[in-house]
Structures are given as C-alpha cells and as structure tokens.
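# Fold and geometry: a report
Okay, here's what each chain looks like letter by letter:
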Amino acid sequence: MNIPVIANGDIETPEKAKAVLEQTQADGIMIGRAAQGRPWIFKEIAHYLKTGELLPAPAPAEIKA
C-alpha cells in the first residue's frame, strides 16, 4: 500500500499494542478509550515497544498532575 495503515480497537495495554503491531504489520496504532483517565498509556506503550519492559505504575502525584 502507498498509504499508512493504522490499527485501532481495544488496545488497552503495552503488551496488546505490541501484539497488534506484530500481527497486523500496521504502520501505527490508535489509542482511544484506554487513554481516557489514563493519559500516561502513551508513555507506557512507547517505553514497552522500545525496551520490552513495562514501566512501574505512575506515582499518585503524576496521576494527579
């Protein structure tokens, strides 16, 4: 294809993000509901895709911010 393909739908964890990218060979993923109330999911996914390691849960102060 000559256009980017984005996978979407129920991607709620870093592990699922990686699995979807591997299975679909999409150019990227789209996060929707999983980011509502949990905007740090983007950082978690990026870190997991880069390192294969999960980040610890955010501190209460980070959640509040």
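Placed above this text is the structure.
Residues numbered from 1 in each chain as written. Predicted model: local features only at pLDDT ≥ 70, side-chain atom pairs only at ≥ 80, totals over all residues. Heavy atoms only, no water.

## Quick word on the environment of Met30
Rules: Secondary structure follows DSSP: runs of H or I at least 4 residues long count as helices, runs of E at least 2 residues long count as strands, and numbering of each begins at the N terminus. Only heavy atoms enter the contact rule, under which two residues are in contact if any of them lie within 4.5 Å.
Turning to its location among the elements, Met30 is positioned in strand β2 (residues 28-30). Sequence separation between Met30 and Asn8 is 22 residues, and the spatial gap between their C-alpha atoms is 5.0 Å. In contact with Met30, not counting residues within four places along its chain, are Ile6, Ala7, Asn8 and Ile11.

## A few points about the pattern of salt bridges
Defined as follows: The rule for a salt bridge is simple: a side-chain nitrogen of Lys or Arg has to be within 4 Å of a carboxyl oxygen of Asp or Glu. Here the term buried applies to any residue with accessible area under 20% of the maximum for its type, exposed to any over 50%, and partly exposed to those in between, with areas from a 1.4 Å probe on protein chains only.
With the rule as written, the count across this model stands at four salt bridges. Lys18 is the partner of Glu22 in a salt bridge, and the nearest nitrogen-oxygen pair spans 3.9 Å. Residue Glu22 and its partner Lys18 are located together in helix α1 (residues 14-24), separated by four residues, close to a single helical turn. The salt bridge involving Arg38 is made with Glu44; its shortest N-O contact spans 2.6 Å. We classify Arg38 as partly exposed; its relative accessible area is 26%. Look at Glu44 and you get buried, because its relative accessible area is 10%.

Bear in mind that shape data such as this cannot, by itself, settle questions of function.
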